[in-house]
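These are the residues of each chain, in order.
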Amino acid sequence: MATLVQEAVPAGGAATSSPAETVTLRLWRGDARGGEFRDYTVENLGGEVVLDVVHRIQAEQAPDLAVRWNCKAGKCGSCSAEINGKPRLMCMTRMSSLDVSEPITVSPMRGNPIIRDLVTDVSYHFAVARRIPGFHPGPPEPDGTYRMSQVDVDRVQEFRKCIECFLCQNVCHVIRDHEDNKPAYAGPRFFVRLAELELHPLDTLDRRELAAKELGIGLCNITKCCTEVCPEDIHITDNAIIPMKERVVDARYDPIAWLGRKILRRPAPTPAAEVASLTPAGRSGEVISIEPRTPPGGPA
Amino acid sequence: MSLAQHLEGPARPATVRVGGPRGGPPLSTVLRRDNWRLQPVLVALGLLGFVAYVVWAANRNGAFYAGSVGRDYLSPLYSPCITHSCISSGYVWGGWSWWRVSPAWLILIFPGAFRATCYYYRKAYYRSFWLSPPACAVADAGSTGSGLRQHYSGETRFPLLWNNIHRYTWYFALIFAGILTWDAIAAFRFPNGIGLGVGTILFVLNAIFIWAYTLGCHAGRHLCGGNLKRLSQAPIRRWWWKNVSSQLNAHHQLYAWLSLFSIIVTDLYTWLVASGTIHDPRIF
């Protein structure tokens, strides 16, 4: 299966035995008022990642270049961008994996509003996070502790690898290509969060109706782009989104499951509004609007 | 109002504004340099080819059983054969005289629904036919000003909402996998006892691929154990979920295609043998 993480290097390209002497990065420069690609050519030192080269350009040629970064080790999720059109972490993309015989395009994440150059506004993702109720364990055991088996948390631990780079949110066409869905859609990273909580052996909340009515899991058409771009190799679609979709089917669309709940006197799915009222956004009545944010200094 | 009153007053609804101009060129500009068109085109050709073959094979309504040439081979597109035309073909089952068209159309409803609602095939046809999106980080058909779909509703409305019946189609798929297994066993039956023909091998491979595809189904994986909060409390279901469902599910795409090809090859071979076009070599 094709993956966005690995990029083929053409035979005889500069990435083989004789590296090119220079490399050209075509960086997006601009802000909310507009922008353009500009080429920057620097010496090809070899053994670098894209972020290293961006930093050298910043140090030597464009000191006003805006780029967000932090750990340079693929763990903070700050340096997300689109390299030759593919959403990736700049710090985890080796120059040797790219064809340097032509300029390498580095653009900001095109799913988010631009702030400047390679830096985008990720407010939406944090607004979504405030709409998901956190961990709600039941009462502890008589000795005051909680116990769970490793086999019960194996599934959940995969989701803890998420570094919140938001590459999955950026590539998800539901909001990338249809911004009007943002107020009613959570996106892959937060379906992972939902699955992490729903599959947790000690959690007691039922977020299935919330997932369907408030967080728009039905909008996801499982085309797996989120999985393809995940730098942590989380199987977002197979292990998080589809299990959540199947749980929503249990709650909403399966007549046998409905009949079973009636016969066995099991509780009905918890209404979305009830679960939403437990969240920070629910308590304050926070809503998401796709109108542009007014910058601190007034309209741009 | 004092500062304390102001701070402790009722929370006012807050609006988080998340919109604004995007950076980079317009989304309709594809920056990818790899051959991103190849995969959706190949998938579209594969699926269209399969549909075209199945329409032809179903309308054939003949030479689907090789009993007349001494082989107990029944095409998977015609199994279980329960209509009147099955008896006339020499097959022992059958009897539904009210069904006038090809029996394949009666049977194909069930595996057809299973594959149409399958999570893998959904990805395949959303990418290749809906172009929603055709490839990752490539604008989908509704966002490029084409006017095809200005508002995207995903699987929240009819007809795509009906993809949620997938688990029910899986129940039927299990029955059909059992029937095709029986056909594979029957393919060892030769006029003078047990034997092995080239066709037998194809029928066995077909049954294996069908089972691998069916047991790796995402809905089945959920029902087998994925729906449990505590897998430790159901050791048998946990074992099945971990060692069977999840293992096969990891290769669901592969088995989806292998089983698709094996159905075509098995049907084609049965037709060639039953119509007398080729002779089925007997290995022992």
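What to know about the pairing of strand β2 (residues 34-43) of chain A
Residue and element names in this part refer to chain A.
- Sheet analysis places strand β1 (residues 22-31) next to β2, joined by 10 bridges and oriented antiparallel. If you follow Leu25 over to β2, its bridge partner there is Tyr40.
- Between the end of β1 and the start of β2, which pair antiparallel, lie two residues.

Let's talk about the pattern of salt bridges
- What the rule picks out here adds up to 36 salt bridges over all chains.
- Lys182(A) is paired through a salt bridge with Glu179(A); the nearest N and O atoms lie 3.4 Å apart. Of the two residues examined, Lys182(A) and Glu179(A), each falls in the buried class.
- A salt bridge links Arg60(B) to Asp267(B); the shortest N-O distance between them is 3.1 Å.

Overview of the packing of aromatic side chains
- By the definition in use, this model includes 22 aromatic pairs over all chains.
- Taking 5.5 Å as the distance between ring centres and 35 degrees as the angle between the ring planes, the aromatic pair formed by Tyr125(B) and Trp130(B) counts as tilted.
- Aromatic rings pair up to connect Phe114(B), Tyr120(B), Tyr121(B) and Tyr213(B) into one cluster.
- Between the NZ or CZ atom of Arg155(A) and the centre of the ring of Trp241(B), over which it lies, the distance is 5.5 Å.
- Looking at Arg122(B), its charged tip hangs above the ring of Tyr119(B), at a distance of 4.1 Å from the centre.

Comments concerning helix α9 (residues 235-249) of chain B
- The first and last C-alpha atoms of α9(B) sit 19 Å apart over 15 residues, in line with the 21 Å expected at 1.5 Å per residue.
- Among the residues of α9(B), Trp241(B), Val244(B), Ser245(B), Ser246(B), Leu248(B) and Asn249(B) are the ones counted as buried.
- Of the surrounding elements, those touching the buried residues of α9(B) are α3 (150-159) and α9 (236-252) of chain A together with α7 (198-215), α8 (218-226) and α10 (252-274) of chain B.

Some details on the environment of Ala184(A)
All names here are of chain A.
- With respect to the secondary-structure elements, Ala184 resides in the loop between α5 (173-176) and α6 (188-198).
- Sequence separation between Ala184 and Ala212 is 28 residues, and the spatial gap between their C-alpha atoms is 9.8 Å.
- Each residue touching Ala184, except ones within four places of it in the same chain, is listed here: Glu214, Leu215, Gly216 and Leu219.

Topic: the interface of chain A and chain B
- Counting residues at the interface gives 82 residues for chain A and 66 residues for chain B.
- Summing both partners gives a buried area of about 6100 Å² for chain A against chain B, and 51% of it is carried by carbon and sulfur.
- When the area that chain A buries against chain B is broken down by residue, the three leading residues are Arg110(A), Arg155(A) and Glu246(A), summing to 12%.
- When the shortest N-O distance is used, the salt bridge between Arg167(B) and Glu246(A) registers 2.8 Å.
- For the interface between chain A and chain B, the tally reads 46 residue pairs in polar contact (both at pLDDT 80 or more).
- Sorting elements by how many residues they give to the side of chain A that touches chain B places α9(A) first, with nine residues.

What counts, and where the lines are drawn
All residue numbers here refer to positions counted from 1 along the written sequence of the relevant chain. For naming, the first written chain is A and the first written ligand is 1, with later ones following in the order written. Note on the predicted model: pLDDT of at least 70 is required for a residue's local features to be given, and 80 or more for side-chain atom pairs to be given and counted; whole-chain, interface and lining totals, by contrast, use all residues. As a convention, hydrogens and water are excluded, and side-chain values are obtained from all of the structure's heavy atoms. In short, DSSP must find at least two bridges between two strands for them to pair. Elements are defined by DSSP. Helices are runs of H or I of four residues or more, strands are runs of E of two residues or more, and each kind is numbered from the N terminus. Whenever Lys or Arg places a side-chain nitrogen within 4 Å of a carboxyl oxygen from Asp or Glu, that contact is recorded as a salt bridge. When accessible area is computed with a 1.4 Å probe and restricted to protein chains, residues below 20% of their type maximum are described as buried, those above 50% as exposed, and intermediate ones as partly exposed. When the centres of two rings from Phe, Tyr and Trp lie within 6.5 Å, Trp using its six-membered ring, the rings pair. Their planes under 30 degrees apart give stacked, over 60 give edge-to-face, and anything left gives tilted. Either the NZ atom of lysine or the CZ atom of arginine qualifies as a charge over a ring when it sits within 6 Å of the ring centre and within 35 degrees of the ring normal. Multiply 1.5 Å by the residue count of a helix minus one, and that product is the helix's expected span. Two residues form a contact once any of their heavy atoms are found within 4.5 Å. What counts as buried area is the accessible surface, traced by a 1.4 Å probe, that two parts surrender upon association, with contributions from both included. Pairing of N or O atoms within 3.5 Å defines a polar contact, subject to two protein rules: one partner must be a possible hydrogen donor and the other a possible acceptor, and residues neighboring in sequence count only if both atoms are side-chain atoms.

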